[in-house]
Amino acid sequence: MVKIKYILIGVLIVILGILAAVIFFPNEEKRVKKQFNLLSEWVSRPPDENTFTLLQKMKNIGTLFDEHCELKAPDQSLSGSYRREEISTYAGSARSYFSQLDLKFYDFHIVFPEKEIAKVTLTARLTGRSTAGEQVDETRELECILKKIENQWLFVGIEIVEVLKKDQVPTEWVNLSYETY
Amino acid sequence: MEPTYHHGGVNFCWRLRTLFSEPKRFDVVAVRFAGSRVMLLKRVVAREDEQVEFRDGKLFINGKEIEEPYVRYPCNWNLPLRRVEKDCVYVVGDNRSMPIENHHFGQTSKSRLMGVPLW
């Protein structure tokens, strides 16, 4: 009887240990997803957002990115390398065009092509209303590269996948690749 | 794809059609636009290695004007000549009443074609 009691206690300890490991040491996939959840939370804007929250979110957005982040978009004028501070500033001014904004991510496909590099393909949906009262509802597929720096997954590259290419693809067009980082 | 298919309507697609055979010109296809859930219905107007062009709303393939009876609304698009790349098709919607920059169309990889609508 005593033996069974000890076995049960042992099993309970093992289960609790596994649960604690899952809760307190989430796997890398969960950590990567968490960065997207934070990005979604900080980009989104409720209709009654106060100035303090607005400034705080603007500042927070920058912390999700590496010192330099590469953006590749079908609109060539938006493509390029942006500094963390620039991202915060641009995100802030972009948010100010909207009275309400909601960014959601779906269909995550996460791979780790190299140690401390994550490549994430996902669907991003942006909905909201501009300050002029115009409804916005845009969905795009994104390919993001995140790098683990000082135990934090940071965005180093974001590509808006151009599924339908109207224009001729330039010969110098190079796919966003984790090898660049 | 108005007026052929209505915006937001429900359609069932036959996936094997694009899996085992090449899409033909004028086929309506479902294009995987984002993730596994966002699809667009578009019409194939050109296949790989063909040249596509719009002049005053008229479609030209390899320099020849193509009749498009499914286009019902007036269109004045102009798009310079471009060649469709390998393993790609050129797709356009039937509703071309909006300015060219507001319409989702262009070259897409065949791997993005998810089937054809059943009706």
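Residues take numbers from 1 onward in each chain, read along the sequence in its written order. In the order they appear in the text, chains get letters beginning with A and ligands get numbers beginning with 1. Residues qualify for local features only when their pLDDT is at least 70, as the model is predicted, and side-chain atom pairs are given and counted only at 80 or more; totals for whole chains, interfaces and linings, by contrast, use all residues.

## Let's talk about the overall build of chain A
Numbered from the N terminus, helices here are DSSP runs of H or I no shorter than four residues, and strands are runs of E no shorter than two. Summing up its helical and strand segments, chain A has 4 helices and 6 strands in all. When the helices and strands of chain A are placed in sequence order, the string is α-α-α-β-β-α-β-β-β-β. By definition, residues are in contact whenever their C-beta atoms, placed on the basis of the backbone, come within 7 Å of each other. Excluding contacts between residues fewer than 6 apart, the proportion of contacts in chain A whose partners are at least 24 apart in sequence is 54%.

## Describing the sheet that holds strand E10 (residues 113-117) of chain B
Residue and element names in this part refer to chain B. Taken in spatial order, the 6 strands line up as E1-E10-E2-E3-E8-E9 in an open sheet, and their pairing is antiparallel. The sheet terminates laterally at strand E1 (13-14) and strand E9 (106-109), the two strands that pair on one side only. Strand pairing follows a simple DSSP-based rule, namely that at least 2 bridges must link the two strands. Judged from the 2 bridges that link them, strand E2 (residues 28-34) and E10 form a sheet pairing that is antiparallel. Within E10, the residue paired with alanine 30 across the bridge is glycine 115.

## Brief notes about the packing of helix H3 (residues 51-63) of chain A against helix H4 (residues 84-95) of chain A
All names here are of chain A. Throughout, an axis means a line fitted to C-alpha atoms (over the contacting stretch in the case of helices), and angles, computed between N-to-C directions, take values from 0 to 180 degrees. Direction vectors running N to C along H3 and H4 enclose 140 degrees, while the axes themselves pass 8 Å from each other. If you check the angle between H3 and H4, you find them oblique. The crossing of H3 and H4 is right-handed. Mapping the contact onto sequence places Met58, Lys59, Ile61 and Gly62 in H3 and Arg84, Glu85, Ile87, Ser88, Ala91 and Gly92 in H4. Tallied by class, residues from the contact of H3 with H4 come to 4 nonpolar, 3 polar and 3 charged. Our angle categories are set so that under 35 degrees counts as roughly parallel, over 145 as roughly antiparallel, 65 to 115 as roughly perpendicular, and the remainder as oblique. Crossing chirality is assigned from the near helix's rotation relative to the far helix, an anticlockwise turn below a right angle marking it left-handed and a clockwise turn marking it right-handed. Side-chain classes are defined by residue name, with Ala, Val, Leu, Ile, Met, Phe, Trp, Tyr, Cys and Pro counting as nonpolar, Asp, Glu, Lys and Arg as charged, and the others, Gly among them, as polar.

## Topic: the interface of chain A and chain B
Chain A puts 12 residues into the contact, and the matching count from chain B is 15 residues. Ranked by residues supplied to the side of chain A that touches chain B, first place goes to strand E5 (residues 135-149) of chain A with 3 residues. For the side of chain A that touches chain B, the residue count by class is 4 nonpolar, 3 polar and 5 charged.

## Overview of the sheet that holds strand E7 (residues 79-83) of chain B
Residues and elements named next belong to chain B. Overall, antiparallel pairing links the 4 strands, which are arranged E6-E5-E4-E7 in an open sheet. At either margin of the open sheet sits one strand with a lone partner, and together these are strand E6 (64-66) and E7. Neighbouring strand axes in the sheet, compared pairwise and without regard to direction, differ in orientation by 25 degrees on average. Bridging between strand E5 (residues 58-61) and E6 involves 3 bridges; their strand directions are antiparallel. Across the sheet, the residue bridging to isoleucine 61 is lysine 64, located in E6.

## Comments concerning unusual backbone geometry
Here the residue pair Glu2(B) and Pro3(B) is connected by a cis peptide bond, since its omega of 0 degrees sits within 30 degrees of zero. You can see Pro3(B) is positioned in the segment before E1. With a phi close to 65 degrees, Asn151(A) is a non-glycine residue in the positive phi region. With a phi close to 75 degrees, Asp49(B) is a non-glycine residue in the positive phi region. Its location among the elements puts Asp49(B) in the loop between strand E3 (38-46) and strand E4 (51-55). On the basis of neighbour count, Asp49(B) is assigned to the exposed category, with 11 C-beta atoms found within 10 Å. Once C-beta atoms are placed from the backbone, each residue is buried if 20 or more other C-beta atoms lie within 10 Å of its own, exposed if 12 or fewer, and partly exposed for counts between those two.

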